[in-house]
Amino acid sequence: MHKHITDEAVTSLHDLSAIDLIAGYKAKQFTPSEVMEDLLAHVAAWEPHIKALYLFDPAGARAAAKTSTVRWQNGEPAGCLDGVPVTIKDNIATKGQPVPLGAASAPLIPSSADAPPVARLREAGAIIFSKTTMPDYGMLSSGLSSFHPLTRNPWDVTKNPGGSSAGAAAAGAAGYGPLHLGSDIGGSVRLPAGWCGLVGLKPSLGRVPIDPPYVGRVVGPMTRTVDDAALMMGVLSKPDRRDGMSLPPNDINWKALEKSPRKLRLGLLLDPGVGQSLERPVREIVVKAVKAFESAGAVVTEMDGLLTREMLDGLDNFWRARMWDELLKLPPAERGKVLPYIHQWAEKATKLSAVDVIRGFNVTMSIRAAAAKLFHDLDYLISPVSPVVNFGAELASPIHDPEKPFEHICYTVPWNMSENPAISINGGYDGKGFPIGVQIVGRRFDDLGVLAMAKTFEGLRGAQRPWPSPPNR
């Protein structure tokens, strides 16, 4: 155990935030090597129970930590994250390693280069000690995969961590260091962050350069604190010309997280317009969060949902066709290795017409227009992250029906299509102590404002429960 640098509590090294790790390195209270040894021991205690990691590399981590320790001893850190442990989601390329996309059907071809976010993290001195698991092709909000072992939720190993950034969320909740990188095309950062009690930011489209880019696809931080998410964004948002959809460079002061809710116009969205019914514990937590902002001076208005059945079904058709196209590129034998749920879902695209698919794509523009209208008189929107508290670890989704695959993403997916920044932050717990996420959505490009609102909410919310301990302790 290590005495926290603020002298307020006793905290294990693996539980320290990235902010506190850097401060400890500067003060020579501990070294990156000591942190890594503590983290590796903690991973050894947790990993048999949750299976969050892929390409876990203890030897490489120790070597990188030793080199970082020397840099700190010489007063020459490589960057603002030197010596901080980080994990990377399976589908974000790391040089020399395969990108299986969570699927047994995908070829294991080593990547020729780091993806832009990974390159930025390495330049900043972060220690990438492992990649993390995901479901097949990122098309499930689940830890279920045909390639990886089943990933479980540290808060309750009988429950699902969510996905598709399943391993990243499980690793963050279990204390595998402070920083984890996920990706999000319909909720894949925010949903698992919500179910695992983390902060998960979906930035504005293009704020973090990625390769390959795609409609609605972003990469974002998954952390235990808002400050760490902001620190990570200061690194991830640096430019990279490989992403033709990236935003122009912007000198955002990611440390400027002070924001008063007074007179801010907040919308409360409890009914997205379609999808699964909202469970009572989730409703209660979100309403409590809004009342906290209201007590601090915000003006709150309950809003109608912006999604329709036509929009959600259109997205479903578009994504089915996109997935089936990917599967058709594989030899039949390899295609047969994909998760049966995904194969059954995607194969329905063979019954869609070209008009069905283009109409499906066009609903992205309808969602974008509806979001712009919704934000005409709003500064921020507050909603649930998920309509359900949790679901079983072995399930592909809360409903577990490939004919109804996206009923649970109706609070999250609009903001991918509209490009608005949105963040998940833990709002509280159900009666059994399971975390429940609250989502804060901002106007396009107001990533800093969304982080600042989440930081304000951290203060309004107060202390959280302790993070879970390994089941065998």
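Scroll up to find the structure.
These lines cover the structure that appears in this document, whether it is placed above or below.

About the thresholds
- Residues numbered from 1 in each chain as written.
- Predicted model: local features only at pLDDT ≥ 70, side-chain atom pairs only at ≥ 80, totals over all residues.
- Heavy atoms only, no water.
- Buried < 20%, exposed > 50% of the residue type's maximum accessible area, 1.4 Å probe, protein only.
- Helix = DSSP H or I, 4+ residues; strand = E, 2+ residues; numbered from the N terminus.
- Pairing = 2+ DSSP bridges.
- Salt bridge = Lys/Arg side-chain N within 4 Å of Asp/Glu carboxyl O.
- Phe/Tyr/Trp six-rings, centres within 6.5 Å; stacked < 30°, edge-to-face > 60°.
- Lys NZ or Arg CZ within 6 Å of the ring centre and 35° of its normal.
- Contact = heavy atoms within 4.5 Å.
- Axes fitted to C-alpha atoms, helices over the stretch in contact; angles between N-to-C directions.
- Core = buried A, V, L, I, M, F, W, Y, C linked by side-chain atoms within 4.5 Å.
- Polar contact = N/O pair within 3.5 Å; in protein donor to acceptor, adjacent residues only side chain to side chain.
- Expected span 1.5 Å × (residues − 1).
- Arc of directions from axis to C-beta.
- Parallel < 35°, antiparallel > 145°, perpendicular 65-115°, else oblique.
- Left-handed = near helix turned anticlockwise from the far one by under 90°.
- Nonpolar A, V, L, I, M, F, W, Y, C, P; charged D, E, K, R; others polar.

We now examine the pairing of strand 5 (residues 127-132). Most of strand 5 sits out of view: 5 of its 6 residues are buried. Of the pairings in the sheet, the one linking strand 3 (residues 53-54) to strand 5 comprises 2 bridges and is antiparallel in character. When the sheet's bridge partners are listed, Y54 is paired in strand 5 with K131. Note that strand 4 (residues 85-89) and strand 5 share 5 bridges and pair parallel.

A side chain with one charge may pair with a side chain of the opposite charge, provided their charged atoms come close. For the structure on display, the rule yields 22 salt bridges. E407 is the salt-bridge partner of R309, the closest N and O atoms lying 2.9 Å from each other. Within this pair, whereas R309 is found in helix 9 (residues 309-328), its partner E407 is found in the loop between strand 11 (380-384) and helix 13 (413-418), the two being separated by 98 residues in sequence. Given a relative accessible area of 36%, R309 falls into the partly exposed group. With a closest N to O distance of 3.2 Å, K348 and E403 form a salt bridge.

For the rest of this paragraph, the subject is the packing of aromatic side chains. In total, this model carries 12 aromatic pairs according to the counting rule given. Seen from their ring centres, W155 and W467 are 5.7 Å apart, and the 45° between their planes marks the pair as tilted. Of this pair, W155 sits in the loop between strand 5 and helix 5 (166-174) while W467 sits in the segment after helix 14 (447-461), and the two are 312 residues apart along the sequence. The structure contains a cluster of three or more aromatic residues connected by ring pairs, namely Y25, F30 and W72. Positioned above the aromatic ring of W467 is the side chain of R224, whose terminal nitrogen or guanidinium carbon lies 4.1 Å from the ring centre. In this arrangement the basic side chain of R322 is found over the ring face of Y214, its NZ or CZ atom lying 4.1 Å from the centre.

Reading across from one edge, 3-5-4-6-8-7-12-13-11-9-10 is the order of the 11 strands in this open sheet, with mixed pairing throughout. Either end of the sheet is taken by a strand with one partner, and the two such strands are strand 3 and strand 10 (299-302). Where strand 4 lies against strand 6 (residues 179-184), 3 bridges are found, and the strand directions are parallel. Each residue of the ladder has a partner; that of V86, found in strand 6, is L179. Packed on one face of the sheet, helix 7 (residues 226-236) meets strand 4, strand 6, strand 7 (199-202), strand 8 (218-223) and strand 12 (422-429) and runs near 145° to strand 8.

Relative to the helices and strands, V235 is located in helix 7. For V235, a relative accessible area of 1% translates into the label buried. Note: C-alpha distance between V235 and C80 (155 residues apart in sequence) is 8.3 Å. In this view, V235 contacts C80, L81, R120, L121 and A124; residues no more than four positions away in its chain are not counted.

For the rest of this paragraph, the subject is the nonpolar core. L81, L121, Y137, W319, I342, I440 and L451 are the most contacted members of the largest nonpolar core, which totals 114 residues. When residues in this core are grouped by element, the largest group, 9 residues, is from helix 9. Ranked by size, the runner-up nonpolar core spans 16 residues in total, among them L40, I50, A61 and Y176.

Turning our attention to unusual backbone geometry. Peptide bonds are, in most cases, trans, and in most cases residues other than glycine have a negative phi. The residue after G163, namely S164, is reached through a cis peptide bond having omega 15°. Look at the link from D211 to P212: it is a cis peptide, with omega at 5°. Tracing the backbone through its elements, the reader meets P212 in the loop between strand 7 and strand 8. The backbone phi angle of K263 is positive, close to 70°, even though this residue is not glycine. Its location among the elements puts K263 in the loop between helix 7 and strand 9 (265-268). K263 sits in the exposed class, given a relative accessible area of 63%. One non-glycine residue, F445, lies in the positive phi region at around 80°.

Its location among the elements puts S237 in the loop between helix 7 and strand 9. Relative accessible area serves as the criterion here: at 17%, S237 is assigned to the buried category. Separated by 3.4 Å, the side chains of S237 and W254 make a polar contact. Sequence-distant contacts of S237, that is, excluding residues within four places in its chain, are made with R207, V208, P209 and W254.

Its 16 residues give helix 3 (residues 58-73) an end-to-end C-alpha distance of 22 Å, which sits within 8% of 22 Å, the value for a rise of 1.5 Å per residue. Looking only at helix 3, the buried set comprises A61, A65, S68, T69 and W72. One side of helix 3 carries all its buried residues, which in axial view fall inside an arc of 110°. Turned more than 90 degrees from where helix 3 packs its buried face, A59 and K66 sit exposed. Lining the buried residues of helix 3 we find helix 1 (18-26), helix 2 (32-50) and strand 5. Directly beyond the C-terminal end of helix 3, a positive phi value near 70° is found at G75.

Remark: helix 9 packs on helix 11 (residues 340-347), axes separated minimally by 8 Å, with the N-to-C direction vectors making an angle of 110°. Classified by the interaxial angle, the pair formed by helix 9 and helix 11 is roughly perpendicular. Pair helix 9 / helix 11 crosses with left-handed handedness. The residues of helix 11 that touch helix 9, namely those facing D316, W319, R320, M323, W324 and L327, are I342, H343, W345, A346 and E347. Residue composition of the contact of helix 9 with helix 11, by class: 7 nonpolar, 1 polar and 3 charged.

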